[in-house]
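Spelled out, the chains give:
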Amino acid sequence: MYTLITGATGLVGRYLLRDLLLNGHQLAVVVRGSRRMDPEARIEQIMQYWEREHQRSLPRPVVIEGDISQPGFGISEEGRDWISRNVNRIIHSAAILEFFGKDREAEPWRTNYHGTRHMLDLCRETGIRDLHYVSTAYVCGLHDGIVQEDSLERGQTFRNDYEESKYEAEKLVRAADFAEHITVYRPAVICGDSRTGYTNTYHGLFVYLRLMAMLIPSLPKGPEGLRVTPIRLKFTGREPRNLIPVDWVSAVMTRVFENPDARDLTYHMAPDNPITSRQLIDLCSEYFETTGVMYEGDPLPEAWDESLTEDQRMFDRLFQDNADTYAAYESTDPKFDMTNTKRFAGDIICPELDRTVLHRFIDYGNEDRWGKRRPEWTKPQIRVGDLLRSRIVAAEESSQQIGINVLGQGGVQATLVIADAGILSVSPGLSDSVPVLTVTHEDLLAVLSGQKPAADLSSLWDQCSAEQAAVLTDKLVAACGESDAIRA
Ligand SMILES: NC(=O)c1ccc[n+]([C@@H]2O[C@H](COP(=O)([O-])OP(=O)(O)OC[C@H]3O[C@@H](n4cnc5c(N)ncnc54)[C@H](OP(=O)(O)O)[C@@H]3O)[C@@H](O)[C@H]2O)c1
């Protein structure tokens, strides 16, 4: 059976996609098209990134076009039938990280609250009973002291509408009486990949890093080789910051997801030793060779205002304006109890946000031109799913079901009904107990174009005898036929 994932194009979702595919899970994703790319191409681009990182071909998830803000995710009837027959678990990670909006029919409510309601309706109607829901640690709102994993409704107030929309959405999930299992993940503030610095979104910590990278290098250096950035901060610098790298979030979620005994609990994800604001700023100052940050309570130098240059004044102003969005998190960041997380994933240590990791984030942001770089990818010349569908013939004769799991660029997981006359139908995903051919895109096309013998595929079948594999290979190759496109 398949697991359906929403939000697979997001930061957390793309790591879950990688980690779960590497562990052999069968995945389907609900994705909307973007201005330039259809849903399949968006996922293909992400998969190619992972293939470059891991230097290996990976299977492709089944891609279902959908928009979570629409009832039933706006999924076609065919897609919905497929979900009813093939999916038994969901990871709902899609959300919008817009902080402000009171109108409950607009963002962030439309995606976070109504999107979750649509997710629950879809699960109820298609028989998905094992729910994994990505919430946020900040459903606790403004809270002093330690927040327990099992606490939710405490009459709290919130820093912003995003927190409240996620709180209301978590309440909906917990009230889903049709569900057999409800597992809730509550990450704190997610930042990039601790090992590579990678991120695909520039929220939270990255807003500050980007701002510094944009503004500081243009300031002249003083006689001591340092740039002076006289910012007056509205906090003491001793505040803990609950920042966690995305690779750790995904590793913990994958561990919990894979353990049936870990279901039905709530998991806080926060650092063991939160970095303080001052430590963070010191690491940034070191990177950018700056000095001059002042914290609440620091005495202002004499005639401070008059001593500032126009550039310095502008820097302070821009910093304060941009920082306003996150200001509510600067003075209060609670401590999150992690009993459940420690119990099931305590051996997966949360990487510290030290000098190396923080500088890696800034290096990555610079390389990525802070999100402006075009992602590297190759549009597949041939999508194997399209190729198979283009070969469908009409015939009435004895036929057989086979699965095809094509790894790598333009790959697909599909079930075909095949006969001597050719391919009779193609449906998404792999079915149980039918022979499955697992092959890389390159090897399949090499055989189809006649560059390699068909016999090369015969050893790549599962769930059938060697003789059967040879017959099925010949049938498949004949059904796909040669074409100029394949030869090219
Ligand atoms: N990032 C954090 O610091 C943080 C902290 C705590 C909890 N969380 C939670 O973690 C989850 C994942 O966050 P993230 O950081 O990965 O966010 P993200 O990078 O902004 O990704 C959001 C994902 O949701 C999808 N999405 C949004 N609206 C959609 C719609 N109408 N239809 C289909 N898909 C839609 C986006 O698709 P498109 O690519 O099409 O926009 C994207 O895949 C969210 O539930 C969030 O609330 C995040």
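As the structure is a computational prediction, the values presented were derived from the model and not from experiment. (Residues numbered from 1 in each chain as written. Predicted model: local features only at pLDDT ≥ 70, side-chain atom pairs only at ≥ 80, totals over all residues. Heavy atoms only, no water.)

*Asks:* Honestly, the state of the cysteines in this entry has me stumped. Any pointers?
*Replies:* The term disulfide refers to a covalent linkage connecting the sulfur atoms of a pair of cysteines. All told, the structure shown has zero disulfides when counted by the stated rule. You can see Cys 191 has no disulfide; the closest cysteine sulfur is in Cys 350, sitting 8.3 Å from it. Sulfur of Cys 480: no disulfide; nearest cysteine sulfur belongs to Cys 464 and is 16 Å away. Taking relative accessible area as the criterion, Cys 480 reaches 2% and is therefore assigned buried. (Disulfide = S-S within 2.5 Å. Buried < 20%, exposed > 50% of the residue type's maximum accessible area, 1.4 Å probe, protein only.)

*Asks:* Before we go on, may I ask you to explain the sheet that holds strand E20 (residues 461-462) in this structure?
*Replies:* Each strand in a sheet pairs with its neighbour through backbone hydrogen bonds, running either in the same direction (parallel) or in the opposite one (antiparallel). In space, the five strands of this open sheet follow the order E18-E17-E16-E19-E20, with mixed pairing throughout. Unpaired on one side and paired on the other, strand E18 (422-428) and E20 mark the two borders of the sheet. Inspection of the sheet shows strand E16 (residues 400-407) paired to strand E19 (residues 436-440) by five bridges, in the parallel sense. For Ile 404, the partnering residue across the bridge sits in E19 and is Leu 437. Relative to E19, helix H15 (residues 441-448) is tilted by about 100 degrees, and along the sheet it contacts E16 and E19. (Pairing = 2+ DSSP bridges. Helix = DSSP H or I, 4+ residues; strand = E, 2+ residues; numbered from the N terminus. Contact = heavy atoms within 4.5 Å. Axes fitted to C-alpha atoms, helices over the stretch in contact; angles between N-to-C directions.)

*Asks:* What should I look at first to understand the site of the ligand in this one?
*Replies:* The environment of the ligand is formed by 26 residues, the closest being Thr 9, Arg 42, Asp 67, Tyr 162 and Lys 166. With respect to the ligand, the backbone of Ile 68 contributes an N or O atom lying 2.9 Å from a nitrogen atom. Among the elements of the structure, helix H1 (11-22), helix H5 (161-174) and strand E8 (189-191) are those that each provide at least two residues to the shell around the ligand. Tallied by class, the residues present in the shell around the ligand amount to 12 nonpolar, 10 polar and four charged. (Near = heavy atom within 4 Å. Polar contact = N/O pair within 3.5 Å; in protein donor to acceptor, adjacent residues only side chain to side chain. Nonpolar A, V, L, I, M, F, W, Y, C, P; charged D, E, K, R; others polar.)

*Asks:* How should I be thinking about the sheet that holds strand E5 (residues 130-134) in this particular structure?
*Replies:* Spatially, E3-E2-E1-E4-E5-E7-E12 is the arrangement adopted by the seven strands of the open sheet, whose pairing is parallel. Of all strands in the sheet, those with a lone pairing partner are strand E3 (62-65) and strand E12 (266-269), marking the two edges. Each strand of the sheet is rotated relative to its neighbour by a mean of 20 degrees, with strand direction disregarded. Strand contacts of helix H7 (residues 246-258): strand E1 (2-6), strand E4 (87-92), E5, strand E7 (181-187) and E12, with the helix running at about 160 degrees to E12, the strand carrying the most contacts.

*Asks:* Explain the domain arrangement of the protein here, please?
*Replies:* A common measure of how large an interface is: the accessible area buried when the components associate. Structurally, the protein comprises domain 1 (2-193 + 239-272 + 332-347) and domain 2 (384-487). The distance between the C-alpha centroids of domain 1 and domain 2 comes to 34 Å. Interface area, domain 1 with domain 2, both sides summed: about 980 Å², of which 47% is carbon and sulfur. Taken together, the links from domain 1 to domain 2 amount to zero salt bridges. Our count for the contact surface shared by domain 1 and domain 2 stands at seven residue pairs in polar contact (both at pLDDT 80 or more). For the side of domain 1 that touches domain 2, the element with the highest residue contribution is helix H2 (residues 39-54), accounting for three residues. Broken down by class, the residue content of the side of domain 1 that touches domain 2 amounts to five nonpolar, three polar and three charged. (Domains from an automatic or database assignment. Buried area = accessible area lost by both parts, 1.4 Å probe. Salt bridge = Lys/Arg side-chain N within 4 Å of Asp/Glu carboxyl O.)

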